[in-house]
Amino acid sequence: MAVYSEREKTRIVTPKKEARVIKHNAPEKDSPWIWLSEELMFSPSFTSLSVNAHRCLFRILGEHSIKGRKCNGQLIVTHPDFERYGVTHRFIADGCDELVFKGLLAKRMGRAADGTAHPNLYRLTFLGDHEGNPPTHEWKNVDDAKAAHWKKVKPQKAEERSKEHGRKKKRSLHKSEITRFPFVKSDASFERKAS
């Protein structure tokens with residue numbers, strides 16, 4: 001028996017076919033999976049992400065899946081992990097900062113002290129955390145104007161990050177610190193004048 005769609009006034013699949021469609025579009029058994037809501041995927045914070053921010057997000061989602069979806073808030077993804085996933089080394093920090101700015105990610109900064117590295121810890125805001133707390137959904141506070149504002153904030157964030165870690169500002173290769181020697185005439189020219 002055919003089922004008719006009231007909204008479109010057209011014939012749709014039979015209940016048997018509909019059951020098969022649902023079955024084959026569900027996640028595979030014994031395979032880890034993560035859901036993303038339609039509201040999230042079409043939000044300004046998600047649709048305005050750069051390529052590197054998308055790659056960072058999906059690498060962190062992959063780590064969440066690897067850990068059995070139970071360690072959100074204690075996810076550790078290192079720079080080599082991001083690089084293996086395809087994020088350019090120099091854009092890893094920018095991608096993560098963009099995710100934090102747009103409310104999709106919360107990051108607790110790590111530090112290196114006494115020869116021991118303490119990595120950054122990540123939490124996806126659209127999923128519950130490892131302590132059983134519900135999602136914070138900080139991405140819902142981002143509208144089109146705030147998402148577009150990231151382009152203005154990005155250079156300031158990069159400058160703050162470089163000052164924060166005590167890094168020296170990179171200098172251009174065109175402005176060398178070594179001054180050129182003043183032109184000195186060769187000894188042969190002096191000899192000619194003397195004779």
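Residues numbered from 1 in each chain as written. Predicted model: local features only at pLDDT ≥ 70, side-chain atom pairs only at ≥ 80, totals over all residues. Heavy atoms only, no water.

Caption draft 1: A look at the overall build of the protein. Along its length, the protein carries eight helices and six strands. Along the protein, helices (α) and strands (β) appear in the sequence β-β-α-α-α-α-α-α-β-β-β-β-α-α when read from the amino end. Per-residue burial for the protein yields a buried fraction of 26% across its 195 residues. Within the protein, contacts between residues at least 6 apart in sequence are counted, and of these 57% link residues at least 24 apart. (Helix = DSSP H or I, 4+ residues; strand = E, 2+ residues; numbered from the N terminus. Buried < 20%, exposed > 50% of the residue type's maximum accessible area, 1.4 Å probe, protein only. Contact = heavy atoms within 4.5 Å.)

Caption draft 2: Here's a closer look at the nonpolar core. Counting 22 residues, the largest nonpolar core has Phe82, Leu124 and Phe126 as its most contacted members. Secondary structure elements with two or more residues in this core: helix H4 (51-66), helix H6 (92-101) and strand S6 (121-124). (Core = buried A, V, L, I, M, F, W, Y, C linked by side-chain atoms within 4.5 Å.)

Caption draft 3: Representation of the pairing of S6 within the structure. Burial along S6 is two-sided: Leu121 and Arg123 and Tyr122 and Leu124, pointing in opposite directions, are all buried. Relative to S6, strand S3 (residues 105-108) runs antiparallel, the two being bridged by four bridges. If you follow Lys107 over to S6, its bridge partner there is Tyr122. (Pairing = 2+ DSSP bridges.)

Caption draft 4: Local environment of the side chain of Glu63. Position of Glu63 relative to the elements: it lies in helix H4. Other than its neighbours up to four places away in sequence, Glu63 contacts Leu75, Ile76 and Val77.

Caption draft 5: Looking closely at the layout of surface pockets. Reported here for the second largest pocket is a volume of approximately 170 Å³. Around the second largest pocket, the lining is made up of 14 residues, and of these Ser48, Ser50, Glu98, Trp150 and Lys154 lie nearest the centre. When contributions to the lining of the second largest pocket are tallied by element, the ones reaching two or more residues are H4, H6 and helix H7 (144-164). In terms of residues, the lining of the second largest pocket owes the most to one element, H7, which gives five residues. When grouped by side-chain class, the residues that make up the lining of the second largest pocket number five nonpolar, four polar and five charged. (1 Å grid on protein atoms, 1.4 Å probe; cavity = no way out; pocket = protein on both sides within 12 Å on 5 of 7 lines; lining within 4 Å. Points joined across faces, edges and corners; volume = space filled by probe spheres on them. Nonpolar A, V, L, I, M, F, W, Y, C, P; charged D, E, K, R; others polar.)

Caption draft 6: A look at the pattern of salt bridges. Applying the stated criterion across every chain, the model contains eight salt bridges. A salt bridge links Glu63 to Lys67; the nearest nitrogen and oxygen atoms lie 3.7 Å apart. Residue class for Glu63 comes out buried when judged on its relative accessible area of 8%. Through salt bridges with shared partners, a single ionic network connects Arg59, Glu63, Lys67, Asp81 and Arg84. (Salt bridge = Lys/Arg side-chain N within 4 Å of Asp/Glu carboxyl O.)

Caption draft 7: The packing of aromatic side chains, seen in detail. Applying the stated criterion across every chain yields a total of two aromatic pairs. For the pair Phe82 and Tyr122, a centre-to-centre distance of 6.3 Å together with 85° between the ring planes defines the contact as edge-to-face. Separated by 40 residues along the polypeptide, Phe82 in helix H5 (residues 79-85) and Tyr122 in strand S6 bring together distant segments of the chain. No difference in accessibility class separates Phe82 from Tyr122, as the two residues are buried. Measuring from ring centre to ring centre gives 5.2 Å for Phe101 and Trp150, while their planes differ by 45°; the resulting arrangement is tilted. Residue Phe101 is located in helix H6, and its partner Trp150 is located in helix H7; the two are separated by 49 residues in the primary sequence. Accessibility assignment for this pair places Phe101 and Trp150 in one class, buried. Note that Arg69 overlies the ring of Trp33, its terminal NZ or CZ placed 5.7 Å from the centroid. (Phe/Tyr/Trp six-rings, centres within 6.5 Å; stacked < 30°, edge-to-face > 60°. Lys NZ or Arg CZ within 6 Å of the ring centre and 35° of its normal.)

Caption draft 8: Quick look at the confidence of the model for the protein. On average, residues of the protein carry a pLDDT of 81, and 75% of them reach 70 or more. Averaged pLDDT values over the elements of the protein bottom out at 52 in helix H8 (residues 187-194) and peak at 96 in S6. (pLDDT = per-residue confidence, 0-100.)

Caption draft 9: Quick peek at H4. For H4, spanning 16 residues, the distance from its first C-alpha to its last is 22 Å, which sits close to the expected 22 Å at 1.5 Å a residue. Listing the buried residues of H4 in full gives Asn52, Ala53, Cys56, Leu57, Arg59, Ile60, Leu61, Glu63, His64 and Ser65. Lining the buried residues of H4 we find helix H3 (44-47), H5, H6, S3 and S6. Immediately beyond the C-terminal end of H4, within one or two residues, lies Gly68, with a positive phi of roughly 80°. (Expected span 1.5 Å × (residues − 1).)

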